[in-house]
Amino acid sequence: MTRLPTYSKYILSFGLLPVIGTLALIHFFPVLPVLAGGLALSLLWTALSLAGRRAPNLFLLQGTLALLCCLAAGCLLPRPLSAVAVGLAIEFLLMVASLLHLTLHYLPRVAAAPQHPAKHDAYRLETTFIALLSVLHWGMLTAHPAWVGPTATAAPLLIYIGCIAVNSAGIRCAWRTCPMRHVVRIAPVCNGKIYLTRQQTGDWSSAVWDLPLESRYQGPVEQSDRHARRTLQTLLKKPRIHPRLILRQMVDNTLGTDKDIVSVYIYPMRQPNEFKTSNGRYFSFEELRTLSDRLGRLLPQELERLQMAAEIWHTYDHA
């Protein structure tokens with residue numbers, strides 16, 4: 001069973017935790033110190049994310065702004081803020097932010113703006129959840145003003161905790177049904193030969209020949225084509241064609257503790273000099289069979305399919 005820490009970084013609604021803590025504590029401690037503590041935690045979390053070069057969590061940014069507004073209002077207003085006022089203010093601000101996020105996403109011209117937060121599709125389900133339930137709650141308060149006191153902080157707490165629960169369940173389900181550990185390998189081929197590079201794992205006596213391009217990513221299998229194109233572009237800025245998938249298989253990882261899905265692509269070339277590295281050269285498949293003990297771990301399992309694809313492409317390209 002996959003443990004929570006394994007995929008907790010994908011539970012984006014964890015960014016609501018400072019707000020949840022603040023809404024829970026304002027019933028037991030003075031409002032302003034609790035708001036200040038929640039805001040300090042949010043700012044520290046944001047700073048750590050930026051220091052780690054991670055994309056800022058949109059829920060965390062929204063919660064930070066809401067806490068900042070409430071703290072500023074508490075310091076400037078002549079009357080002290082009550083827990084009810086803080087609960088209503090935070091819920092309203094996050095509701096507006098969620099509605100704004102969804103609106104910007106569904107307005108094509110605005111959503112297409114570069115680097116805009118609305119482009120992060122992963123937030124769509126959670127923001128929809130928050131927006132719908134918050135609008136429903138405010139509609140109930142409008143129809144029954146007497147419910148303001150009892151539900152002012154309880155309703156937002158239930159909404160945000162429910163958002164985390166839904167997000168966690170969705171990620172857990174996706175993790176179980178969608179293979180997340182994926183390896184993309186690309187083999188340049190030309191004139192029926194394959195290009196390999198010498199890769200040193202220890203001293204040069206233990207160096208092996210393997211495919212020159214290999215990359216790992218976490219995500220669904222459907223993203224492997226796009227990842228293969230990006231991997232190829234690390235060496236060839238403008239590849240003549242896209243890599244072609246020829247094999248996909250499950251293999252043991254290097255530790256032997258789990259399985260990886262390996263997708264093997266070929267990059268067919270017309271001229272040998274289209275692809276070149278300092279430690280590589282072309283091999284015929286007959287030559288590789290004499291070097292079976294000097295090949296990478298996965299390459300012997302892929303040779304038959306690679307040879308078939310290289311010969312078919314060579315015949316087709318010279319027809």
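Residues numbered from 1 in each chain as written. Predicted model: local features only at pLDDT ≥ 70, side-chain atom pairs only at ≥ 80, totals over all residues. Heavy atoms only, no water.

A.B. asks: When you look at a nonpolar patch on the surface in this model, what are you seeing that I'm missing?
C.D. replies: Together, Leu-133, Leu-136, Met-140 and Trp-147 line one region of the surface with nonpolar side chains, adding up to about 350 Å² of accessible area. Relative to the helices and strands, Met-140 is located in helix H7 (residues 124-143). Relative accessible area serves as the criterion here: at 34%, Met-140 is assigned to the partly exposed category. (Patch = residues over 30% accessible without salt bridge, like charges linked within 9 Å, V, L, I, M, F, W, Y side chains within 5 Å. Areas by Shrake-Rupley, 256 points an atom, 1.4 Å probe, with all protein chains shown as cover. Salt bridge = Lys/Arg side-chain N within 4 Å of Asp/Glu carboxyl O. Helix = DSSP H or I, 4+ residues; strand = E, 2+ residues; numbered from the N terminus. Buried < 20%, exposed > 50% of the residue type's maximum accessible area, 1.4 Å probe, protein only.)

A.B. asks: Even after reading the chapter, I still don't get unusual backbone geometry, so can you show me in this structure?
C.D. replies: Both trends apply: most residues other than glycine have a negative phi, and most peptide bonds are in trans. Of note in this structure, Asn-191 is not a glycine but carries a positive phi near 55°. Of the residues examined, Asn-191 reaches a relative accessible area of 39% and is grouped as partly exposed.

A.B. asks: Can you help me understand the packing of helix H3 (residues 31-51) against helix H4 (residues 58-76) in this one?
C.D. replies: A pair of packed helices is captured by two measures, namely the crossing angle of their axes and the spacing between those axes. Running from N to C, H3 and H4 cross one another at 150°; their axes reach a closest spacing of 9 Å. Considering their axes alone, H3 and H4 lie roughly antiparallel with respect to each other. The two elements H3 and H4 meet at a crossing, and its hand is left-handed. Along the contact surface, H3 presents Leu-32, Leu-35, Ala-36, Gly-38, Leu-39, Ser-42, Leu-43, Trp-45 and Thr-46, while H4 presents Leu-60, Leu-61, Thr-64, Leu-67, Leu-68, Cys-70, Leu-71, Gly-74 and Cys-75. Looking at the contact of H3 with H4 residue by residue, the class counts come to 13 nonpolar, five polar and no charged. (Axes fitted to C-alpha atoms, helices over the stretch in contact; angles between N-to-C directions. Parallel < 35°, antiparallel > 145°, perpendicular 65-115°, else oblique. Left-handed = near helix turned anticlockwise from the far one by under 90°. Contact = heavy atoms within 4.5 Å. Nonpolar A, V, L, I, M, F, W, Y, C, P; charged D, E, K, R; others polar.)

A.B. asks: Could you clarify how one ought to interpret the environment of Val-84 in this entry?
C.D. replies: When you line up the elements, Val-84 lands in helix H5 (residues 83-106). A relative accessible area of 30% places Val-84 in the partly exposed class. Along the primary structure Val-84 and Thr-151 are separated by 67 residues, whereas in three dimensions their C-alpha atoms are 8.5 Å apart.

A.B. asks: Sorry, what's going on with the packing of aromatic side chains here?
C.D. replies: To describe a pair of aromatic rings, you give the distance between the ring centres and the angle between the ring planes. Tallied over the entire structure, the rule returns four aromatic pairs. Between Tyr-195 and Phe-275, the ring centres sit 5.4 Å apart and the planes meet at 75°, which makes this aromatic pair edge-to-face. In this pair, Tyr-195 is assigned in strand E2 (residues 193-199) and Phe-275 in the loop between strand E6 (259-269) and strand E7 (280-283), connecting sequence segments 80 residues apart. Given a relative accessible area of 2%, Tyr-195 falls into the buried group. What makes Phe-275 buried here is its relative accessible area of 1%. Arranged with centres 4.9 Å apart and planes meeting at 70°, the rings of Trp-209 and Phe-283 form a pair that is edge-to-face. Taken as a pair, Trp-209 in strand E3 (residues 208-210) and Phe-283 in strand E7 lie far apart in primary sequence, 74 residues in all. Each member of the pair, Trp-209 as well as Phe-283, carries the same accessibility label: buried. In textbook terms, an aromatic cluster arises when at least three aromatic residues are bridged by ring pairs, as seen for Tyr-195, Phe-275 and Tyr-282. A cation over a ring is seen here: Arg-281 above Trp-209, with NZ or CZ 5.7 Å from the ring centre. (Phe/Tyr/Trp six-rings, centres within 6.5 Å; stacked < 30°, edge-to-face > 60°. Lys NZ or Arg CZ within 6 Å of the ring centre and 35° of its normal.)

A.B. asks: Before we go on, may I ask you to explain the nonpolar core in this structure?
C.D. replies: Proteins that are soluble and globular tend to have nonpolar side chains buried together. By size, the foremost hydrophobic cluster in this structure holds 30 residues, and its most contacted members are Leu-16, Ile-90 and Tyr-160. Of all the elements in the fold, those that place two or more residues in this core are helix H2 (17-25), H3, H4, H5 and helix H9 (154-177). Residues in contact with Tyr-160, not counting those within four places in the same chain, are Leu-16, Val-19, Ile-20, Leu-23, Ile-90, Glu-91, Leu-94 and Ile-130. If you look at the next biggest cluster of nonpolar residues, it comprises 23 residues, including Ala-187, Leu-211, Leu-299 and Ala-310. (Core = buried A, V, L, I, M, F, W, Y, C linked by side-chain atoms within 4.5 Å.)

A.B. asks: I'm lost on the pattern of salt bridges in this one. Help?
C.D. replies: Close approach of charged atoms allows side chains of opposite charge to pair. Evaluation of the coordinates by the stated rule reveals five salt bridges. The salt bridge partner of Asp-210 is Arg-185, with a shortest N-O separation of 2.8 Å. Highlighted residues: Asp-210 in strand E3 and Arg-185 in strand E1 (residues 181-190), separated in sequence by 25 residues. On the accessibility criterion, Arg-185 (0% relative accessible area) is buried. Among the salt bridges present, the one from Glu-302 reaches Arg-185, with a minimum N-O distance of 2.9 Å. Taken as a pair, Glu-302 in helix H12 (residues 299-317) and Arg-185 in strand E1 lie far apart in primary sequence, 117 residues in all. Just as Glu-302 is buried, Arg-185 falls in that class too. If you follow the salt bridges from partner to partner, you end up with Arg-185, Asp-210, Glu-214 and Glu-302 in one network.

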